[in-house]
Amino acid sequence: MPTNLVVFYLFALAAVVGAAGVPMSKNIFWSAMGLLSALVGVAGLYVLLSADFLAVTQLLVYIGGVLVLIIFAVMLTSQIKEIEVSNQNVGLVSGAILFALTGTLLCFVAIWAPWKVVLLQSHETTTDIGNGLLGAWLLPFEVTSVVLLATLIGAIVVARKEIKED
Amino acid sequence: MTIAAAQIVALSPLLMITGVGCLALLLDTMAKGRAPALWLAQLGCVAALLAVANQWMGSGSSQPIWSGMLIVDRMALFLDGVLIIAALATLLVAAPFMREHEFEHGEHYALVLFATAGGMTVVHATHLLSLLIGIETMSLAAYLLVASWRRQPAGAEGALKYLLLGAFAAGFLVYGTALVYGTTGGEMSYAGIAARAARAADNPLFIMGAYFLLTGMLFKIAAVPFHMWAPDAYEGAPTPVTGLMASGIKVAAVGGLVRLLGSAFANPGLALGHAGWVRVLGGIAFATMTWGNLAALRQENVKRMLAYSSIAHAGYLMIGLVALGQKVDGAQPALLVYLAAYAATTLGVFTVVAWVGRRDDERLLIRDWAGMARTRPAVALAMTVLLLSLAGVPPTGGFFGKFYVFRAAMQSPDLAWLVVAAVLNSLVSVYYYLRIVVAMYFRDPVRPWQPFPSVGMAIVLFVTVVVVLALGVVPRPVVELAAGGLVTHW
Amino acid sequence: MGSDYIAAALAILTGVGMAVVFSALARFVGERRVTRAKQIPYEAGSDPVGSPRVRMPVRFYPVAILFLAFDIEVAFLYPWAVNFASLSCAGPLVKGTCRAGVSWLGLGALALFMAVLLVALAYVWRKRAIGWD
């Protein structure tokens, strides 16, 4: 088996096992760790697909930001050692049915689909993305700043009482 | 790449709404009190309306601009107008509502404008990327508006459900976009997708992508079975925000669907039998209106009942979408008339719901409305007119909206069953709308009424009732406006 | 592909490997003499009072969210910064130099993006969300 394939399956395994661990783990802290594994796995897959900018962004934003935020939330809401079983509602039956349905559908489509095999040429993608963002996609790019602004307002509005009692 | 001045002028309503939103936010942090930010936001809405009117007069461009991201055609401008008026009405109602319930905050006004800007991006979008960003801007602001009523525990619950399911829907949209992009050889503009759809349709990944996009959008208009968030979010949100969600946000999402299904996936040969998504959407429309109406029958809480009623209306609206997919002439203007009438009615109804409650007594149950006609005859009369419009009784705008949509659908023999089902559904819906009317007029009040005076609410209520009646009595002007708003095929 | 990343993979492996190897060496090879002084968290400091595992004040949370939002903003800045030379040239670059005069489009597009986020910063500032009391 070529090295690439081995590495691919390693990352894919990390992503899938981690993702499965998020809902299945009873301890919310381990769920967060599962998420870490899933995110790292996906970042690795991005690297294998020559999407270097995406991989770095994944590390920067998801692992460096979102995950820290989630672990923060865990630490804010409970004492880190004695975390209670916070994930009681597993919903096994409905979850299994949904999983079986979507899993079958996705596998079926993946096998049925005529995939086009293209040899990847590794090159730096940051330039292309920059040209896209500030060229053809300029308008969505600018609107994105409004999304970020709304997010910030949300952080303040939702956390208001804790910041300033008025 | 260069930017022509015309490109910026074409965006002027959107830029005004966004810019005024930013300014209102800043002004709120600097000025004393909430009034300056509110006035600025309202002025911004009026200015944007004028800009829309200006575009409408001079509109000749039917080509996508900004590298195929957006189009400024009559349909988009028509819906822009509806969205901005919905935002203006929400602002007028929200200010006294928040004062009464003591959770005033100036961010509210900015968020209403950002949600509107997102909605405007959605109805203009001719590219999956701008659609996605527009949907996200709109939804994010809406989640926050729902969550902003901090004292209300139901608000947090509703906002959380809305956020989680909304994020799930966004996942569907992104996944669908990726699949369509991959299988059409890198196309995300509607025109590009339409050009390559016939070839790409052999690929199951493309079909799946198209259905994922449809699923994501159906979440946003709260179609069965993707409606679970709606009753809780509608109930928990501050009532003016509920009005905005039921009117502006639903109008924007339907407008986005009209454009997406009318251009990118207009090819009828797409998958699942000869009718493709048209057949699937027909089934969903049936399920949505039936489920919404049956569930509304059992509600005691007025806001929840109206939430289910709004789900049912999503079902009627989807009949128009199905007719559009069947290439029925006139399906699209009919949808636009319906959307305008529905938005006006909903805004009025939620204004009344916001107006009846006091800080310590929200009066959300139907029996709390007993005897309202004695102390507030004008409001009760307005509510009756608006409820009749929701039920689709002439001579109201709701009747004509339904009439046009159903008439368009009847032109396709495949859709006769759907129209029959919709008419039966409308009959069922009369029952629960009339429950409120009966309570208002024929029951003795359980508690004394203590109305609070509000000019803003009175204005919105008066205008919506006038619009609804005008649409019912002389629908022609709006019908002609809407007929000028045909999706331009390029 | 892949050869570019071999170095990165090696660096990661070396980093993780060294940590694992040294911990293992300390555990299995090293000699242990447990005394009370070594068991307390700060060998040279004062004795700890109470458990370190307390709930964090919720004030940290808005700060973390604000960090995240600006983190995303930074992620958007990278592709712009990489392309700054070509974006501020009115024509295509010729061998890395601009012959066609200055275009303000690249800078202007980003200035607008940043302006909206400056609104956010000003708002956060005025609402005293980044202060501590």
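Fair warning: this is a prediction, and the values are worked out from it, not measured in the lab.

1. Digging into the overall build of chain B
Of the regular secondary structure elements, chain B holds 20 helices and 0 strands. On C-alpha atoms alone, chain B measures out to a radius of gyration of 21 Å, which is about the 23 Å that the 2.2 N^0.38 rule sets for 490 residues. Along the longest, intermediate and shortest principal axes, the C-alpha atoms of chain B span 70 × 55 × 40 Å. Counting across all 490 residues of chain B, residues that qualify as buried make up 62%. Put simply, 79% of the contacts in chain B that link residues at least 6 apart link residues at least 24 apart.

2. Considering the overall build of chain C
Tallying secondary structure elements over chain C gives 5 helices and 0 strands in all. Listed by position from the N terminus, the elements making up chain C come as α-α-α-α-α. Relative to its 133 residues, chain C shows a buried fraction of 17%. Across chain C, contacts joining residues at least 24 apart in sequence account for 23% of those joining residues at least 6 apart.

3. Points about the interface of chain A and chain C
Opposite the 44 residues of chain A that make contact, chain C presents 42 residues. When residues of the side of chain A that touches chain C are traced back to their parent elements, those giving at least two are helix 1 (3-24), helix 3 (52-77), helix 5 (126-134), helix 6 (138-158) and helix 7 (160-163) of chain A. Here the side of chain A that touches chain C is built from residues that sort into 26 nonpolar, 14 polar and 4 charged.

4. Observations regarding the interface of chain B and chain A
At the junction of the two partners, chain B supplies 28 residues and chain A supplies 22 residues. When residues of the side of chain B that touches chain A are traced back to their parent elements, those giving at least two are helix 5 (107-124), helix 6 (128-147) and helix 9 (204-220) of chain B. Ranked by residues supplied to the side of chain B that touches chain A, first place goes to helix 6 of chain B with 9 residues.

5. Section: helix 11 (residues 239-264) of chain B
An ideal rise of 1.5 Å per residue puts 38 Å on 26 residues; helix 11 of chain B measures up with 36 Å between its terminal C-alpha atoms. Along its length, helix 11 of chain B reaches its greatest deviation from straightness, about 30 degrees, at M245(B).

6. Let's talk about the packing of helix 11 of chain B against helix 13 (residues 302-325) of chain B
Any two packed helices are characterised by how steeply their axes cross, that is the angle between the axes, and by the distance between the axes. Residues and elements named next belong to chain B. Interaxial distance between helix 11 and helix 13 falls to 11 Å at its minimum, and their mutual angle equals 15 degrees. Taken together, the axes of helix 11 and helix 13 lie roughly parallel to each other. Handedness of the helix 11/helix 13 crossing: right-handed. Facing T242, A246, K250, V254, L257, V258, L261 and G262 of helix 11, the residues of helix 13 in contact are K303, S310, A314, L317, L321, L324 and G325. Each residue belonging to the contact of helix 11 with helix 13 can be placed in one class, and the counts come to 9 nonpolar, 4 polar and 2 charged.

7. Things to note about the environment of T184(B)
All names here are of chain B. Within the secondary structure, T184 is located in the loop between helix 7 (153-183) and helix 8 (190-200). Look at T184 and you get buried, because 22 C-beta atoms sit within 10 Å. With 19 residues separating them in the primary sequence, T184 and N203 have C-alpha atoms 9.5 Å apart. If sequence neighbours within four positions are ignored, T184 has contacts with G192, I193, R196, A200 and F206.

8. Structural notes on unusual backbone geometry
The amide bond that connects V224(B) to the next residue, P225(B), takes the cis arrangement and shows omega of 5 degrees. Structurally, P225(B) is set in the loop between helix 9 and helix 10 (229-236). A cis amide bond, omega 0 degrees, links P394(B) with the succeeding residue P395(B). One non-glycine residue with positive phi stands out, namely S50(A), at about 65 degrees. One non-glycine residue, K327(B), lies in the positive phi region at around 65 degrees. Checked against the element boundaries, K327(B) lands in the loop between helix 13 and helix 14 (331-356).

9. Structural notes on the confidence of the model for chain C
Residue and element names in this part refer to chain C. Mean pLDDT over chain C stands at 81; residues scoring 70 or higher make up 88%. Confidence, read as mean pLDDT per element, is least for helix 2 (residues 36-39) in chain C (74) and greatest for helix 5 (residues 105-126) (88). Model confidence for the complex is summarised by a pTM of 0.91, with the ipTM given as 0.88.

10. Side note on helix 19 (residues 455-473) of chain B
Each α-helix winds once per 3.6 residues, and so residues spaced three or four apart point in a common direction. Residues and elements named next belong to chain B. With 19 residues, helix 19 should cover 27 Å at 1.5 Å per step; its first-to-last C-alpha distance of 27 Å lies within 8% of that length. Taken together, the buried positions of helix 19 are G456, M457, V460, L461, T464, V465, V467, V468, L471 and G472. Viewed end-on, helix 19 has its buried residues packed into an arc of 160 degrees, placing them on one side of the element. Contacts made by the buried residues of helix 19 are with helix 4 (74-101), helix 14, helix 16 (377-391), helix 17 (397-410) and helix 20 (476-483).

11. Quick look at the packing of helix 6 of chain A against helix 6 of chain B
Contact geometry of helix 6 of chain A with helix 6 of chain B gives a least axis separation of 9 Å together with a crossing angle of 15 degrees. Compared by their axis directions, helix 6 of chain A and helix 6 of chain B come out roughly parallel. The handedness of the crossing between helix 6 of chain A and helix 6 of chain B comes out as left-handed. Two secondary-structure elements touch here, helix 6 of chain A through L139(A), P140(A), V143(A), T144(A), V146(A), V147(A), A150(A), T151(A), I153(A), G154(A), V157(A) and V158(A) and helix 6 of chain B through L129(B), S130(B), I133(B), E136(B), T137(B), L140(B), A141(B), L144(B) and A147(B). Here the contact of helix 6 of chain A with helix 6 of chain B is composed, by residue class, of 15 nonpolar, 5 polar and 1 charged.

12. Brief notes about the environment of P445(B)
All names here are of chain B. Within the fold, P445 resides in the loop between helix 18 (416-442) and helix 19. Sequence-wise, P445 and A35 are 410 residues apart; in three dimensions their C-alpha atoms are separated by 35 Å. Setting aside residues no more than four positions away along its own chain, P445 makes contact with A370 and G371.

13. Description of the nonpolar core
Among the nonpolar cores identified, the biggest contains 236 residues, and L91(B), L113(B), I319(B) and V322(B) are the most heavily contacted of them. Residues within four places of V322(B) in sequence aside, it is in contact with V278(B), L281(B), G282(B), A285(B), A409(B), L415(B) and L418(B). Among the nonpolar cores identified, the runner-up in size contains 11 residues, and A32(A), L35(A), L39(A) and Y46(A) belong to it.

14. Details of the environment of V22(A)
Within the secondary structure, V22(A) sits in helix 1. Along the chain, V22(A) and G34(A) lie 12 residues apart, while their C-alpha atoms are 5.2 Å from each other.

Conventions and cut-offs
- Residues numbered from 1 in each chain as written.
- Chains lettered and ligands numbered in written order.
- Predicted model: local features only at pLDDT ≥ 70, side-chain atom pairs only at ≥ 80, totals over all residues.
- Helix = DSSP H or I, 4+ residues; strand = E, 2+ residues; numbered from the N terminus.
- Rg over C-alpha atoms; globule rule 2.2 N^0.38 Å.
- Buried ≥ 20, exposed ≤ 12 C-beta atoms within 10 Å, placed from the backbone.
- Contact = placed C-beta atoms within 7 Å.
- Nonpolar A, V, L, I, M, F, W, Y, C, P; charged D, E, K, R; others polar.
- Expected span 1.5 Å × (residues − 1).
- Bend = angle between axes of the 7 residues up to and from the residue.
- Axes fitted to C-alpha atoms, helices over the stretch in contact; angles between N-to-C directions.
- Parallel < 35°, antiparallel > 145°, perpendicular 65-115°, else oblique.
- Left-handed = near helix turned anticlockwise from the far one by under 90°.
- pLDDT = per-residue confidence, 0-100.
- Arc of directions from axis to C-beta.
- Core = buried A, V, L, I, M, F, W, Y, C linked by C-beta atoms within 7 Å.

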